[in-house]
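Residue-level listing of the chains:
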Amino acid sequence: MPDPPAARGQVCAVVVTFHPDQDFPARLSRIVPQVAATFIVDNGSSDAELNTLRGAAAGGAATLICNLENLGVATALNIGARRALAEGFTWALLLDQDTEVDHDMVERLVATHASCPDGDRIAIVGSRFRDTKGQSAEPIRLDSRGDLWEEVESAITSGSLLSLRAYSALAPFRDEFFIDYVDTEFCFRARTAGYRVIQSLRPLMSHTVGAPTSHKLPWTTKWTTNHSPDRRYYIARNNTVLLREYGTSDGGSWRLKSFVRCYRLVKRIALYEQDKAGKIYAVWQGWWDGLHGHMGPRRAPRKQPSSMGHHADP
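Residues numbered from 1 in each chain as written. Predicted model: local features only at pLDDT ≥ 70, side-chain atom pairs only at ≥ 80, totals over all residues. Heavy atoms only, no water.

Student: Please provide a residue-by-residue account of a nonpolar patch on the surface, values included.
Tutor: A cluster of nonpolar side chains, namely L256, F259, V260 and Y263, defines an oily patch on the protein surface of about 360 Å² accessible area. Tracing the backbone through its elements, the reader meets F259 in helix α8 (residues 253–272). (Patch = residues over 30% accessible without salt bridge, like charges linked within 9 Å, V, L, I, M, F, W, Y side chains within 5 Å. Areas by Shrake-Rupley, 256 points an atom, 1.4 Å probe, with all protein chains shown as cover. Salt bridge = Lys/Arg side-chain N within 4 Å of Asp/Glu carboxyl O. Helix = DSSP H or I, 4+ residues; strand = E, 2+ residues; numbered from the N terminus.)

Student: Summarise helix α9 (residues 276–292); cite the residues concerned and give the values.
Tutor: Between the first and last C-alpha of α9 there are 24 Å, a value that for 17 residues agrees with the 24 Å anticipated at 1.5 Å per step. With 12 of 17 residues buried, α9 is to be regarded as a mostly interior element. Taken together, the buried positions of α9 are occupied by K276, A277, G278, K279, I280, A282, V283, Q285, G286, W287, D289 and G290. Tucked into the core, α9 has its buried residues touching α7 (229–246) and α8. Just past α9, the residue G293 takes up positive phi, approximately 75 degrees. (Expected span 1.5 Å × (residues − 1). Buried < 20%, exposed > 50% of the residue type's maximum accessible area, 1.4 Å probe, protein only. Contact = heavy atoms within 4.5 Å.)

Student: Explain the packing of aromatic side chains to me, and be specific about the residues and the numbers.
Tutor: Applying the stated criterion across every chain, the model contains 10 aromatic pairs. When the centroid spacing of 5.3 Å and the interplanar angle of 20 degrees are considered together, the rings of F178 and Y234 count as stacked. Taken as a pair, F178 in the loop between α5 (164–169) and α6 (182–192) and Y234 in helix α7 lie far apart in primary sequence, 56 residues in all. Classification of Y234 as buried rests on a relative accessible area of 5%. Three or more aromatic residues link up through ring pairs in this structure, and these residues are Y167, F173 and F186. For R121, the ring lying beneath its charged end belongs to Y195, and the centroid distance is 4.1 Å. (Phe/Tyr/Trp six-rings, centres within 6.5 Å; stacked < 30°, edge-to-face > 60°. Lys NZ or Arg CZ within 6 Å of the ring centre and 35° of its normal.)

Student: Would you mind going over the pairing of strand β8 (residues 160–163) in detail, with residue names and values included?
Tutor: A two-sided burial pattern is seen for β8, the buried positions comprising S160 and L162 on one face and L161 and S163 on the other. Summarising the sheet, strand β4 (residues 91–96) and β8 pair through four bridges and their orientation is antiparallel. Across the sheet, L93 pairs through a bridge with L161, a residue of β8. Inspection of the sheet shows strand β6 (residues 122–131) paired to β8 by two bridges, in the antiparallel sense. Within β8, the position partnered with I124 by the bridge is L162. (Pairing = 2+ DSSP bridges.)

Student: If you had to explain the pairing of strand β1 (residues 11–17) to someone new, which residues and values would you point to?
Tutor: Among the seven residues of β1, seven are classified as buried, and the element is accordingly described as predominantly covered. Alternating positions in β1 separate into two faces, V11, A13, V15 and T17 on one and C12, V14 and V16 on the other, with burial throughout. Here β1 pairs with β4 via six bridges, running parallel. Bridge pairing links V15 to L95 in β4. As judged from the six bridges shared by β1 and strand β2 (residues 37–43), these two strands associate in the parallel manner. Bridge pairing links V15 to I40 in β2. Following the backbone out of β1, through helix α1 (residues 24–31) and into the adjacent parallel β2, one traces a crossover that is right-handed. (Right-handed = clockwise from strand over helix to strand, strands pointing away.)

Take a look at the structure:
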């Protein structure tokens, strides 16, 4: 039975970094006072960036764990969670490097957990967020409706308070996902095993999905996240894998759903984003690999098309 995170001493933070910017120490300073320990797991940043991280962690503010290369978000989270378990923590606040937390985030997450019945079956308490660069294209509502919670299918990694006992009872984050849908897959797996995933309705952090831009049309405004080709690959592939593994109750229609989602992604890229050819190729490569179970880091493309159309029907 997971202990409620009633005391600060039971909660640590796990922050995954990858080429962090110069403002990261300031964001870290908002996290450290709220938890009993902070573990930074870095995925192959440069020497200069590591020096910045060492300075931020100096004086016992945080423990820095350095990977020599980019092992992916899932593996970094597992490294941090295992370290937290080894040091006796029962809850871990998971964070991205670019998330700016509210000064009372942990206190409010703890209160959210306490207000939910059947708290021993809660695997994750997630956070809503304020988008710092405008509305993103992701299906996340950013409005505040008070300090309440709701049951959700999944919560994003950053700002999630993870029960480490639930984590131990389940398999770890799936290393082969590398990045994207790592959080969704874990939440699906937790709910299948009878755990609950809840989320605060009050935004508890400032966070942005990708580098969103808006594009005005005569009848509406469209948003796109402008993710890199690699991220587009993992989004397409891992979403296809999730449909294959969790959408099989409707026969083989998961393949069609995956194709339609990838098509819509391609359409958005073709209409609104730069590097259209590279990103569209990455989407189709991800869809193909998802269908055939090719996991882990993205394989280098053998040959990308030299050009693709720059327009598509809305």
